[in-house]
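# Breakdown of the fold
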Amino acid sequence: MPDGFQGGTRPSILVVEDEAALLTLLRYNLEKQGFRVEEATDGQEALLRIAESKPDLVLLDWMLPSLSGIEVCRQIRRRPATRDLPVIMVTARTENMDTVRALDTGADDYITKPFAVEALLARIRALLRRSAVVAEKGSLAFGDLAMDQGAHRVTRGGRPVHLGPTEYRLLEYFMSHPRRVFSREQLLDAVWGRDIHVELRTVDVHIRRLRKAINGEGEADLIRTVRSAGYALDTE
Ligand code: CA
């Protein structure tokens, strides 16, 4: 039995990939690590699989037949049942714009082909850890923002706020340390973990998404950008 899953259920991963050889390689390595693996070879099939088998994480290829990975990701985020489903986008390109675009569609992380299987496994583990619901936790509040950690629910002024797993963890960290300014490096360590390499601007992408989610029309921006220092949860 691989480490981490003793006594619990094995996390299931839906691999959406149209290259048969890569799919076989991924299945082999993921199963070896104790994950259950589901497959889809195009975008439409991916959405059907997600609805049917409710995977714990989706590994989503960017270039897919019938429906692109971007569109699949958008639809995952649009549906209430899958809004919080962790998604890692697999891109074959290296242009900066594309990685940012991958995150902007709602993916929690991305990896660029060709990649080392170990690097992918580290990202999968980190994301699963981040998205795990910690049921015994209590609640946090800041201004009109409230977080029920047991139910994994966030409201602002009583209005439900929908967050992806990474934005949730970011907000949880900010709400645990209100008004304190954190650098991007500190946020990476606290929210993503030290064992994983993530570019600093990834933090900015998730901060932008968090802002968009918590700040409704006419509401004050609760995230303060401190020039050359970082970010804080603040009413200023
Ligand atoms: Ca492809």
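Residues numbered from 1 in each chain as written. Predicted model: local features only at pLDDT ≥ 70, side-chain atom pairs only at ≥ 80, totals over all residues. Heavy atoms only, no water.

### Examining the sheet that holds strand S7 (residues 145–148)
Two strands in a sheet stick together by hydrogen bonds in their backbones, pointing the same way (parallel) or opposite ways (antiparallel). The criterion, for reference: When DSSP finds two or more bridges between two strands, those strands count as paired. Under the DSSP-based scheme used, a helix requires at least four consecutive residues in state H or I and a strand at least two consecutive residues in state E, with every element numbered from the N terminus. Think of each axis as a best-fit line through the C-alpha atoms, taken over the contacting stretch in the case of a helix, with angles from 0 to 180 degrees between the N-to-C directions. Residue contacts follow a heavy-atom distance rule, with two residues in contact if any of their heavy atoms lie within 4.5 Å.
With antiparallel pairing, the four strands of this open sheet are ordered in space as S6-S7-S8-S9. Strands with a single pairing partner mark the edges of an open sheet, and in this sheet they are strand S6 (139–142) and strand S9 (159–161). Neighbour to neighbour, the strand axes of the sheet diverge by 25° on average, direction disregarded. Here three bridges tie strand S8 (residues 153–156) to S9, and the two strands are oriented antiparallel to one another. Opposite Val154, over in S9, you have Val161 as the bridge partner. Across the sheet, helix H6 (residues 165–176) touches S6, S7 and S8, and the angle it forms with S7 is around 110°. Across the sheet, helix H8 (residues 200–214) is in contact with S7, S8 and S9; its angle to S9 comes to roughly 165°.

### Overview of the side chain of Asp234
Selection rule: Contacts described as polar in this section are N or O atom pairs within 3.5 Å, which, within protein, must combine one atom able to donate a hydrogen with one able to accept it, while residues neighboring in sequence count only if both atoms come from side chains.
Looking at the element boundaries, Asp234 is found in the segment after strand S11 (230–233). Separated by 3.5 Å, the side chains of Asp234 and Arg179 make a polar contact. Polar contacts involving the side chain of Asp234 include one to the side chain of Arg224, which spans 3.2 Å. Setting aside residues no more than four positions away along its own chain, Asp234 makes contact with Phe142, Arg179, Asp221, Leu222, Ile223 and Arg224.

Function cannot be inferred from these measures alone, as they are strictly geometric.
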